[in-house]
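For reference, the chains in residue letters:
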Amino acid sequence: MNLYQKIFKEYWNPYIAVGIAGLASALYFGITGTVWAVTGEFTRLGGHILGWFGIDVSQWAYFQLVGLEGTPISRTDGWIVIGMLAGALITILLSSSFKIRVPKQKRRLIQGFIGGIIAGFGARLALGCNLAAFFTGVPQFSFHSWIFMVTTAIGTYFGVKVVNTKWWRGKPTLMKGSMNLVVTQHVEKRNIQPILGLIFACLYLALIVYFFAVGKSLLAVACIAGALFGILIERGQICFTSAFRDLWISGRAVMSKAIAVGMLISVVVTFFYIQNGAASIIKVAAPSTVIGGLLFGFGIVLAGGCETGMMYRAMEGQLLFWVVGAGNIVGATALAYGWDHLGIYNALAANWSKVNLMEQWGPMGALYGTIAMLAAWFLLSNWWEKRFRYGTGIKHQKKELVSHVTKEV
């Protein structure tokens, strides 16, 4: 019972959860030659939806770039997304924490949708979200990932500025009622959840066995990896939005440091695979990467969660994040249209090169250089956390500094 309590009733240490995610993402790359990614499949889903309405997107340049063959259930990327949702839902049910939640302020639904559109557009402009252009991009030694990381951080800073304004927050909604009655009803409704979680887990396991039995091993591996990623992001509460946003709001850097550790593990394992013949996935480093990162960082703060945070929160029953997910698909699809129809590619990405750090610095130089940059990120996050007064913010620190200098003078 104590083990069940630790696994399903308590959230996991972020360093452990993100560390395992880093290792798993590297192993997934080594087995399949592809990476843990989400928004690429969101974009394809947008293309399929347009197809249902009779719109032919097969000639759109962006869909030719990311590929539109098959359906989500016939693609490994599709099962990564489905698996993440399934894995998160299984652990949520086993922990009896599912509950339909509607925002008290209905304006949050509109804000979340807008934030999702901006984030989805920015992610695909940069050719990846916090996963493909960041968490799994850095271990591929693609320089564009570092550009995306820095600009995403800057984007979240400006996003925090917006969400802290009164006009964005609106007036708080006060609720009346008996708290005891609500709690009692909630506990009674949750008793069946672990049973449902166990049933769902068995059905999902049967699906994996089926894929192996019919010779669709890559889909089976994607199912396993997706479910594992879903479990990890939910149990570890892994959200890249909070990793950056918390730095600007409270100075808390636990998730930021955990992500640095997770990527460091992934870097070492991925380096081994690349040195043994695996082809690294390198994306173009261009103005599109800079603008995409800024938009993505800004959008995820407005939305309240990145792709990973959005997915497990949606499975928890938070209606807001289903709306955010819809916004992501709309934004990604809009970028796919604008890529060639509005000249976005020619203006922001054409004639810019893919920069592979292993080619620029040599294999060992890229390995040690990337480890050094991740270590610097960890140490910088730790320094920031120690010097940021919780709940007071930067402005208060500046006032204290001015006051101290005045006294000294």
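Provided above is the structure to which this section pertains.
Residues numbered from 1 in each chain as written. Predicted model: local features only at pLDDT ≥ 70, side-chain atom pairs only at ≥ 80, totals over all residues. Heavy atoms only, no water.

Engineer: I keep staring at the environment of A119 and nothing clicks. Help me out?
Structural biologist: Its place among the elements puts A119 in helix 6 (residues 107-125). Residues A119 and I300, spaced 181 residues apart in sequence, show a C-alpha to C-alpha distance of 5.7 Å. Other than its neighbours up to four places away in sequence, A119 contacts L295, F296, G299, I300 and N328. (Helix = DSSP H or I, 4+ residues; strand = E, 2+ residues; numbered from the N terminus. Contact = heavy atoms within 4.5 Å.)

Engineer: I would appreciate a short explanation of the nonpolar core in the present structure.
Structural biologist: Most often, soluble globular proteins keep nonpolar side chains buried together rather than apart. Within the largest apolar cluster, 86 residues are counted, with the highest numbers of intra-cluster contacts made by W36, F135 and I259. Counting residues per element, this core draws most heavily on helix 12 (residues 217-235), which supplies 10 residues. Membership of the second largest hydrophobic core comes to 15 residues, among which are F63, L127, L335 and A336. (Core = buried A, V, L, I, M, F, W, Y, C linked by side-chain atoms within 4.5 Å. Buried < 20%, exposed > 50% of the residue type's maximum accessible area, 1.4 Å probe, protein only.)

Engineer: Help me out: how do you make sense of the packing of helix 5 (residues 76-94) against helix 16 (residues 307-315) in this one?
Structural biologist: Angle between the axes and distance between the axes: these two values describe a pair of packed helices. It is at 8 Å that the axes of helix 5 and helix 16 come closest, and there the two elements cross at 50°. As the angle between them shows, helix 5 and helix 16 are arranged oblique. Two packed elements cross with a definite hand, and for helix 5 against helix 16 that hand is right-handed. Mapping the contact onto sequence places V81, M84, L85, A88, L89 and I92 in helix 5 and T308, M311, Y312 and M315 in helix 16. Tallied by class, the residues present in the contact of helix 5 with helix 16 amount to nine nonpolar, one polar and no charged. (Axes fitted to C-alpha atoms, helices over the stretch in contact; angles between N-to-C directions. Parallel < 35°, antiparallel > 145°, perpendicular 65-115°, else oblique. Left-handed = near helix turned anticlockwise from the far one by under 90°. Nonpolar A, V, L, I, M, F, W, Y, C, P; charged D, E, K, R; others polar.)

Engineer: How should I be thinking about the layout of surface pockets in this particular structure?
Structural biologist: Gaps left between atoms are located by rolling a probe of water-molecule size over the structure's atoms. In this structure, the largest pocket spans a volume of roughly 560 Å³. Residue lining of the largest pocket: 31 residues in total, with V66, R124, L127, I281 and K283 positioned closest to the centre. When residues of the lining of the largest pocket are traced back to their parent elements, those giving at least two are helix 3 (39-52) and helix 4 (61-66). Element by element, the count of residues in the lining of the largest pocket is highest for helix 3, at three residues. Looking at the lining of the largest pocket residue by residue, the classes come out as 15 nonpolar, 11 polar and five charged. (1 Å grid on protein atoms, 1.4 Å probe; cavity = no way out; pocket = protein on both sides within 12 Å on 5 of 7 lines; lining within 4 Å. Points joined across faces, edges and corners; volume = space filled by probe spheres on them.)

Engineer: Sorry, what's going on with the packing of helix 5 against helix 12 here?
Structural biologist: Following both chains from N to C, one finds helix 5 and helix 12 inclined at 40°, their axes separated by 6 Å at the closest point. Our classification of the angle between helix 5 and helix 12 gives oblique. For the element pair helix 5 and helix 12, the recorded crossing hand is right-handed. Class assignment for the residues of the contact of helix 5 with helix 12 results in 14 nonpolar, six polar and two charged.

Engineer: Looking at this structure, I do not really get empty space enclosed by the protein. What am I missing?
Structural biologist: One pass over the full model with this rule turns up one cavity of 30 Å³ or more. When its volume is computed, the largest cavity comes out at roughly 40 Å³. Lining the largest cavity we find S25, A26, F29, V35, W36, T136, P139, Q140, S266 and T270. Elements supplying a minimum of two residues to the lining of the largest cavity: helix 2 (14-32) and helix 14 (254-275). At three residues, helix 2 tops the list of elements feeding residues into the lining of the largest cavity. Residues of the lining of the largest cavity, tallied by class, amount to five nonpolar, five polar and no charged.

Engineer: Is there a simple way to think about helix 11 (residues 193-213) in this case?
Structural biologist: In an α-helix, one turn spans 3.6 residues; hence positions three or four apart end up facing the same way. Compared with the 30 Å implied by 1.5 Å per residue over 21 residues, the 30 Å span of helix 11 between its first and last C-alpha is a close match. For helix 11, the full list of buried residues reads Q193, G197, Y204, I208 and F211. Burial along helix 11 is one-sided: seen end-on, the buried residues are contained in an arc of 60°. Exposed residues on helix 11 whose side chains face more than 90 degrees from its buried face are I195, L198, L203, L205 and A213. (Expected span 1.5 Å × (residues − 1). Arc of directions from axis to C-beta.)

Engineer: For this particular structure, what's the right way to read the pattern of salt bridges?
Structural biologist: Working definition: two side chains of opposite charge can pair if their charged atoms are close together. Considering all chains together, one arrives at five salt bridges under this definition. Across the pair E41 and R44 runs a salt bridge whose closest N-O atoms are separated by 2.8 Å. Here the residue E41 and the residue R44 both occupy positions in helix 3, the gap between them amounting to three residues, near one helical turn. Comparing E41 with R44, the two get one shared label, buried. Across the pair D77 and R44 runs a salt bridge, and its minimum N-O distance is 3.4 Å. (Salt bridge = Lys/Arg side-chain N within 4 Å of Asp/Glu carboxyl O.)

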